[in-house]
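Listed here are the chains, written in short residue letters.
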Amino acid sequence: MNPRHKLDYYEKDLKRCCHCSMCKFIPLIQVKDARYTQVCPAISQKDFHAYCAGGKLHAALSLLEGRIEPDADLLDVVYRCSTCGGCDVSCKHNRDLEPLEVLFALRAHLVSTGVGPLPEHEPILMGIRNYDNVWQQPRQARGRWAKDAGVKVLPKQSAEVLYFAGCTYSLNRQLTGVARKTVALMKSAGVDVGVLGEEEPCCGSPAFTIGDHELFMEKAAANIAMFNRLGIKRLVTSCAGCFGVMSGKYPAVGDMSFEVVPAVSFIEELVREGGIRLTHPVNMTVTYHDPCHLGRQSEPYIPWEGRELKKLNSVVVHDPPKEYRRGTKGVYDAPREVLAAVPGLTLTEMKRIREYSFCCGSGGGVKSAFPEFALTAARERVAEAEETGVRAIVTACPWCEANLADGLAAGESGMELFDLVDIVTRAMGGE
Amino acid sequence: MTVQTASRESAYLELEHIVGPEHITSSPVIMDSYTFQFNADNITGTNWGPFRPWAVILPESTRQVQAIVRVCNEHEVPFKAISTGWAIMGAPSCEGCLQIDLRRMNHIIEIDEENMYAVVEPYVSGAALQAEAMKKGLNCHIHGAGSNASLLANATSVCGQGNTGMSTSHSNRNLLGVEWVTPTGEVLHLGSLGQTGRWFTGDGPGPSLRGAMRGFLGAFGGIGVFTRCALKLYPWYGPREPEVKGTTPDYWLEGLDRIHVFQVVLESWDSFADFCYKLGEAEIAMVACRNAPVVAVAGVVDSNEEFVEIWESEYFQSFPYALSVVIDAGSDAEFAHRTRVLHDIVDDCGGLIQFATKTRPSYIKYQLRMLNWLRKQHGTVGAVRVLYRAARSFGKIVHEKGMDHLARTMAAAMIKAHANARAIFRFGGSFITTFGALETIDAAVAGAKRGIEVKKPYIERGVLMDDTGDNAWGTIYEQGALMHLEEVAAYDPSDPEAAAGATRFMIDAIVASRDDHIGFCFNGFSDLGHGLLSDQTSGYYRWLAALKDAFDPAGVSDGGYYVSRSEEVTALVDGLQKH
Ligand code: SF4
Ligand code: SF4
C-alpha cells in the first residue's frame, strides 16, 4: 500500500488537530448568511462531533491508540461522509494538516483490516472487479451510447483526443445524452476524437473513496498503461469523479504521457478559440453547482517526498518545502466562463460556491449506503439554489446530477436541472 | 461526587425520552470525539482529557435542557454543557459525566436594530451573527478564539476578549438579558428579561445575577446551562454585505472605503503605553490590537517555510512595540479627521506607521525613522544585513502582493476574526496563554514584560516556541478604559515534554502575576488556579464555592474547571499553601 494511504502516516496530524471545528464551517470570512455557515453535510445531519472531519481524526487516533474497538458506530461515523473535502479546504484555511487524506486513510485502514466497507459498498467493488463498472452492467453495454455517434473507436483506430465517458454517463440512460452531446460538439469543432467503446474501463475512483486501495491501485496502474499505449495527447472526460481521480490521484501511481482535461475546460477552450460558436439565445436564469470532484478535489496532484523538521523549537517545516493542496486550483472558472458566453443566460451564484461549495451529498459511497443522507444533502443544496430565484441548476457531474434530480423531485420548486453541455448544445442551436 | 451507577440505565432512558434516541448516545467513538480536546495535554500529557463522557446529548430547546438537568439531579448524574466546544475546559472533569452538546440550539432569535442588540442561542458563531448584523449596519464583538466559536459561551461562561475591543468592549460586558437553566433545573431570566420580558439590559430593571452566574472569569460550564442571551451590538460603517475577494488562505474584503488599517510602531514599551492612552482618549479607533512580531509575520505568510525565512531576517523583531489600529468613520469628513488625529498622536509619541491601507508619500519620514531605529539596534552593518534579508524574504511577498494588499488582509482579519487560529496554531499545533488581566494600560504592559522573562527559560529548554519570549497579544477596551495583554506560548502537543513544559510555564506565570501584582491573571480557574491566586485576592474562591454550593446543592453541574464545593476547595487550597 502507498504509505500515504496508511493511517499511521498521519499520526502527527491526528495529534495536532486542535478541535477548532473550522472543518464544520465554510471559511469563516465567506459566511454571508447565518443560514449558510455549514460546509459539512455529515455533521449538518448527525450533529455529534464525531461526524465532522475533526471528530473523524479523533476517531482515527483513538483507533490507532487502541482506545476504541472497531464497531458499527465507527463504521457509521466513517462512512456517513461524502468525502467531499469541504472540511479540508476550511481546515487548511488556517492549518497545515491533511484531514481529507486522513478520512481516506481511515477507510483504507478499515478495509485492509477487514472491518470495512459497508455491505452496501460490496456490489460497487464487485462491479469494478468483475465488469469494470460500478453499475454491474455487462461490459458490452458500456459502448452502446456511442454506437450511432459516428466516432472513432480506439484502439482499433487512433485519435489525438480520447473522450472518456465514465461508468455513469455510459450506463445511466437518463444521462447518456451528456456523453453523446459532448462528442457531437467536439466533432463539430473538428476535434480528432475517439472513444473506447466497450473497452472503456472504470477509473477506479469509487474503490479509492470506499477504501479498497488495492483495487484502486490495480485499476489506476492498468488504466495509465493502457492510456499511454493509445498514444493520445489528451483525455477528455465529462465525469467529475473520473477527472478528480485522474488529476489528483493517478500521477502518484504512474507516469502519464497524456493530459487529462475536464470536458468543461475543453468546451471553454473551444468557445474561447472559436471552435464552437454560441449564437442561439438561451433565455434563462441559472445557478451553478460546483461538483466537489471537479472543484476542490480535482486540484492537481503535487508530489512531495521529504522529511519534517522543527525550527524555533516547535514550528514544523518540510525539507524540501511542501506545497499543500488547499482546493483553490480546481476547475471553477471554466464552467462560469462558458455560461457567461451563452447569449441570454444569466448566472446568479449561491452563497456557498467554488472551493467552499456545499456538496450535493452523493459521493464517498453514501448514495448507496445512506440514501436518506444523500437526499437530505441534496435538498439542502436545492434550497440554497431556490433562494437565488433562478429557473435552473447547472452542473457538470453525473453523480451530482442524479442526486440533485432526486432532491428536486422531493420538493416542489419546479426548478430544472441541466448539465453544462445541455446548455452549450442549445446555445449552438441544438436540442 | 460519587456516581450512583444503579440508576444510570433509567436515567439514560429518561434522557432518551426527552430528546429522542437519535440525539443521545454513549458510543465509544463518539465519546472519544468529545474527550479529545486542545490543552488536554496540559493535564494528562496526551490529546485526551482525563474523563470520557458517560453519554452525549443534543437538546434543541430550553425546555429540553431543563428536563435534562432535572433528570441529572434526580439520578445524580454530573453534566457539562458545551456549545462550539473548544479547549479542555469544555470537556468533563469527572467520571460519568453527561456532555450536553448545544449544537442544535443555533438560532439568532432576533436582532433589535433600534436598541442595538441581538438575542442568540448557544451555537450561534461570531461569523453567523456578524454577517446578519452587518446587513443592518451593525457589528458584534468577536472574542479572540475567532468567529468559529460561540458568542453566548464567551459572554456567559468565559472571559472573551477580541480584536475590536477598542470599540466593542469585551464579551462579558456585552452581555445583556440572559436565560439560565440553573444546576437544579430552574429557568431564570436575568436583567430586563426577568422584569419586562425584553432583553435590553443585563442588570436592573430585573434581577442582576451577573456576579453569581459568571463573575469576572466565567464558570466554564460549572454553574448550569445558559440557553439564550442578548448581546450588545455596535455601529458598522462598512458595506452591508462586504464582498470577499481572493481565495483561501488569502481572502480580503472589498469596499472598506472608510475602514483603514494602520500598523503603528513605537520605540519602547513606555511610548507604546503612552500611545495607547492617547489613542483611547481621542476615541477615533475601531481597533487597537497588539500583535507580537511573531503573529504579525504569521499574518502575512502562506506557509511555515515562508514564516521561518522572514523571521530569521530579524526585521519584524526589530519593531516589537507595534499596534494594529483600524480607523472607521461614518462620513468622509469624519474619516479624514480621525486619520489626521491618528497621525498627530503617532508623531506626538515619536512613533511611525509601518504600513497602512493606502500608503502615502508622507510616509517617507516614517521610513527614515525606521532606518534610524534599525541602526540603533543593530549598528549600520547589522541594519543593512537585516534589511537585505528582509528584502529577500518579506520583500518577495510585498512585491507579489503589494503592501496595500497586506494591509487589507490585516483589516479583514481584525474585523472578521476568521484567521485567529492560523496566527497561533501554525507554530506547533497548540498553545497556552497566561497573564491577561483586564487592567490599566500600564498594568497590561507590565504583564507583557514579565511574560517575556517567565517564558525565556522554557524557550531555552526547547519546549516552547522560540518567539524571543514576546507573544503578548491583546487590545485596548472601551477607548482606553482597560487593556489586556496575554502572553501566548506555542508548542507541539504531539511532544509530551513540550506539553508538560507548557503547563509548568503557565503555573510559573500565575505565580509571577500574583507576586508582581500584575492583576488578576485569567488562568484563575479551577481549584488549582484559585489556590495559586488566593493569597492576594481575599480568598475570593470561598465566595465562588459558596455560590456553587447554593446554586448546585446536588453538585451535579460539573465544576472541575470552575470551583469545587466549599469543603473540597478549601482543603485543596490549604494544602497548596502549605507547599
Ligand atoms: S480537522 Fe482541522 S479544522 Fe477540523 S478540528 Fe481539526 S484542526 Fe480544526
Ligand atoms: S468530507 Fe465532506 S462530509 Fe466528510 S467530513 Fe469532510 S466536509 Fe464532512
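Residues numbered from 1 in each chain as written. Chains lettered and ligands numbered in written order. Predicted model: local features only at pLDDT ≥ 70, side-chain atom pairs only at ≥ 80, totals over all residues. Heavy atoms only, no water.

From N to C terminus, chain A includes 19 helices and 11 strands. On C-alpha atoms alone, chain A measures out to a radius of gyration of 21 Å, which is about the 22 Å that the 2.2 N^0.38 rule sets for 431 residues. Counting all 431 residues of chain A, 64% fall into the buried class. Relative to all contacts within chain A whose residues are 6 or more apart in sequence, the contacts with residues 24 or more apart total 78%. Side-chain charges of chain A comprise 50 positive and 53 negative groups, with the mean position of each set lying 1 Å from the other. (Helix = DSSP H or I, 4+ residues; strand = E, 2+ residues; numbered from the N terminus. Rg over C-alpha atoms; globule rule 2.2 N^0.38 Å. Buried < 20%, exposed > 50% of the residue type's maximum accessible area, 1.4 Å probe, protein only. Contact = heavy atoms within 4.5 Å. Lys, Arg positive; Asp, Glu negative; His and termini not counted. Charge placed at Lys NZ, Arg CZ, Asp CG, Glu CD.)

Residues and elements named next belong to chain B. When cut into domains, chain B gives domain 1 (5-101), domain 2 (108-235), domain 3 (248-426), domain 4 (428-523) and domain 5 (526-578). Inter-centroid distance (C-alpha atoms) of domain 1 to domain 4 is 31 Å. If you look at the interface, domain 1 gives 5 residues, while domain 4 gives 9 residues. Taking both sides of the interface into account, the surface hidden between domain 1 and domain 4 amounts to around 560 Å²; carbon and sulfur atoms contribute 45%. Considering only the side of domain 1, the residues that lose the most area to domain 4 are F38, D41 and N42, jointly responsible for 71% of the buried surface there. The tally of links between domain 1 and domain 4 comes to 0 salt bridges. There are 6 residue pairs in polar contact (both at pLDDT 80 or more) connecting domain 1 and domain 4. Tallied by class, residues from the side of domain 1 that touches domain 4 come to 1 nonpolar, 3 polar and 1 charged. (Domains from an automatic or database assignment. Buried area = accessible area lost by both parts, 1.4 Å probe. Salt bridge = Lys/Arg side-chain N within 4 Å of Asp/Glu carboxyl O. Polar contact = N/O pair within 3.5 Å; in protein donor to acceptor, adjacent residues only side chain to side chain. Nonpolar A, V, L, I, M, F, W, Y, C, P; charged D, E, K, R; others polar.)

Once that is clear, we can look at the nonpolar core. Core analysis: the biggest nonpolar cluster contains 257 residues, and Y163, F227 and M246 of chain A together with F275, L279 and F307 of chain B have the highest contact counts within it. Among the elements that take part in this core, helix α14 (residues 364-401) of chain B stands out by supplying 9 residues, more than any other. For Y163 of chain A, the residues in contact, after removing those within four places along its chain, are W145, V178, A179, T182, V183, M186, V193, G194, V195, E200, V236 and S238 of chain A. Within the second largest apolar cluster, 57 residues are counted, among which are C140, V178, Y491 and V563 of chain B. (Core = buried A, V, L, I, M, F, W, Y, C linked by side-chain atoms within 4.5 Å.)

This part takes up the sheet that holds strand β5 (residues 108-112) of chain B. Residues and elements named next belong to chain B. The strand order across the open sheet formed by 5 strands is β5-β6-β10-β8-β9, and the pairing between neighbours is antiparallel. Of all the strands in the sheet, just β5 and β9 (187-190) have a single pairing partner and so form its edges. Going from strand to strand, the sheet's axes swing by 10° on average, the running direction of each strand aside. Summarising the sheet, β5 and strand β6 (residues 117-120) pair through 4 bridges and their orientation is antiparallel. The partner of E110 across the bridge, within β6, is V119. (Pairing = 2+ DSSP bridges. Axes fitted to C-alpha atoms, helices over the stretch in contact; angles between N-to-C directions.)

This part is about helix α17 (residues 371-387) of chain A. End to end, α17 of chain A covers 24 Å across 17 residues, agreeing with the expected 24 Å (1.5 Å per residue, within 8%). Tucked into the core, α17 of chain A has its buried residues touching α2 (41-46), β6 (284-288), α16 (366-369), β10 (392-395) and α18 (398-409) of chain A. (Expected span 1.5 Å × (residues − 1).)

If you walk through the whole model with that rule in mind, you get 66 salt bridges over all chains. Between E487 of chain B and K455 of chain B there is a salt bridge; the shortest N-O distance is 2.7 Å. Separated by 32 residues along the polypeptide, E487 of chain B in strand β20 (residues 482-491) and K455 of chain B in helix α17 (residues 441-460) bring together distant segments of the chain. Judged by relative accessible area, E487 of chain B falls into the buried class, the value being 0%. Note on K455 of chain B: relative accessible area 0%, which makes it buried. Of the charged contacts, one joins R514 of chain B and D515 of chain B as a salt bridge, the two residues approaching to 2.8 Å between their closest N and O atoms. Given a relative accessible area of 16%, R514 of chain B falls into the buried group. In the salt-bridge network here, residues are joined through shared partners; they are D33, K351 and E387 of chain A together with E132 and K135 of chain B.

When two helices pack together, their arrangement is given by the angle between their axes and by how far apart the axes lie. Residue and element names in this part refer to chain A. Direction vectors running N to C along α17 and α18 enclose 75°, while the axes themselves pass 8 Å from each other. As the angle between them shows, α17 and α18 are arranged roughly perpendicular. Across the interface between the two elements, A374, L375, A378, R379, R381 and V382 from α17 touch N403, L404, D406, G407 and L408 from α18. For the contact of α17 with α18, a count of residues per class yields 6 nonpolar, 2 polar and 3 charged. (Parallel < 35°, antiparallel > 145°, perpendicular 65-115°, else oblique.)

All names here are of chain B. Counted under the stated rule, the structure contains 0 disulfides over all chains. A disulfide-free cysteine, C94 has its sulfur positioned 4.5 Å from the sulfur of C97, the nearest such atom. In this structure C94 comes out as buried when scored by relative accessible area, which is 18%. (Disulfide = S-S within 2.5 Å.)

Now for unusual backbone geometry. With an omega of -5°, the peptide bond between D319 of chain A and P320 of chain A qualifies as cis. The linkage connecting T248 of chain B with the following residue, P249 of chain B, adopts the cis geometry, with an omega of 5°. Inspection of the secondary structure assignment puts P249 of chain B in the loop between β12 (243-247) and β13 (250-254). We note that H19 of chain A has phi near 60°; this positive angle belongs to a residue other than glycine. With respect to the element layout, H19 of chain A can be found in the loop between α1 (11-16) and α2. Positive phi outside glycine occurs at T468 of chain B, with the angle close to 75°. Tracing the backbone shows T468 of chain B in the loop between α17 and β19 (472-477).

Tallying the contact residues gives 62 residues for chain A and 72 residues for chain B. Together, I29, F48 and L312 of chain A form the three largest contributors to the area buried by chain A at its contact with chain B, with a combined 15%. There are 5 salt bridges connecting chain A and chain B. The closest approach of N and O atoms between R16 of chain A and D492 of chain B, which form a salt bridge, is 3.1 Å. Connecting chain A to chain B are 36 residue pairs in polar contact (both at pLDDT 80 or more). At the level of secondary structure, the elements contributing two or more residues to the side of chain A that touches chain B comprise α1, α2, α3 (53-64), α4 (72-79), α5 (86-94), β7 (307-311) and β8 (315-319) of chain A.

Our focus in this paragraph is the sheet that holds strand β3 (residues 79-82) of chain B. Residue and element names in this part refer to chain B. Ordered by their spatial adjacency, 4 strands build an open sheet running β1-β2-β4-β3, and the pairing between neighbours is mixed. On the outer flanks of this sheet lie β1 (24-25) and β3, each paired with one strand and no other. Lying on the sheet, helix α2 (residues 28-35) is in contact with β1, β2 (55-57), β3 and β4 (98-101); it crosses β2 at an angle near 80°.

Next up on the list: the pairing of β6 of chain B. Residue and element names in this part refer to chain B. Covered by surrounding structure in β6 are Y117 and V119 together with A118 and V120, the residues of both alternating faces. Between the end of β5 and the start of β6, which pair antiparallel, lie 4 residues, with M116 showing a positive phi angle near 55°. Note that β6 and strand β10 (residues 225-232) share 4 bridges and pair antiparallel. Among the inter-strand pairings, V119 is bridged to a residue of β10, identified as A230.

So, on to the site of ligand 1. Around ligand 1, a shell composed of C17, C18, H19, C20, S21, M22, C23, G54, L57, C91, R95 and L97 of chain A is seen. Its residues assigned to classes, the shell around ligand 1 comprises 8 nonpolar, 3 polar and 1 charged. (Near = heavy atom within 4 Å.)

All names here are of chain A. Lining the immediate environment of ligand 2, one finds 13 residues, of which C40, C81, C84, G85 and C87 sit closest. Of all the elements in the fold, those that place two or more residues in the shell around ligand 2 are α2, α3 and α5. Class assignment for the residues of the shell around ligand 2 results in 8 nonpolar, 4 polar and 1 charged.

What follows concerns the packing of helix α12 (residues 304-311) of chain B against α14 of chain B. Residues and elements named next belong to chain B. One can describe the packing of α12 onto α14 by two numbers: an axis separation of 8 Å at closest approach and a directional angle of 125°. Taken together, α12 and α14 sit at an angle that is classed as oblique. Note on element contacts: α14 touches α12 through R392, S393, F394, K396 and I397, opposite E306, E309 and I310. Grouping the constituent residues of the contact of α12 with α14 by class yields 3 nonpolar, 1 polar and 4 charged.

Residues and elements named next belong to chain B. Evaluated as defined, the whole model comprises 30 aromatic pairs over all chains. Look at W269 and Y321: their rings are 5.1 Å apart centre to centre, the planes differ by 65°, and that puts the pair in the edge-to-face class. Here W269, found in helix α10 (residues 269-282), pairs with Y321, found in the loop between α12 and β16 (322-328); they are 52 residues apart in sequence, far enough to count as distant. Taking 5.8 Å as the distance between ring centres and 70° as the angle between the ring planes, the aromatic pair formed by Y458 and F505 counts as edge-to-face. Of the two residues, Y458 sits in helix α17 while F505 sits in helix α18 (residues 496-515), which places them 47 residues apart along the sequence. (Phe/Tyr/Trp six-rings, centres within 6.5 Å; stacked < 30°, edge-to-face > 60°.)

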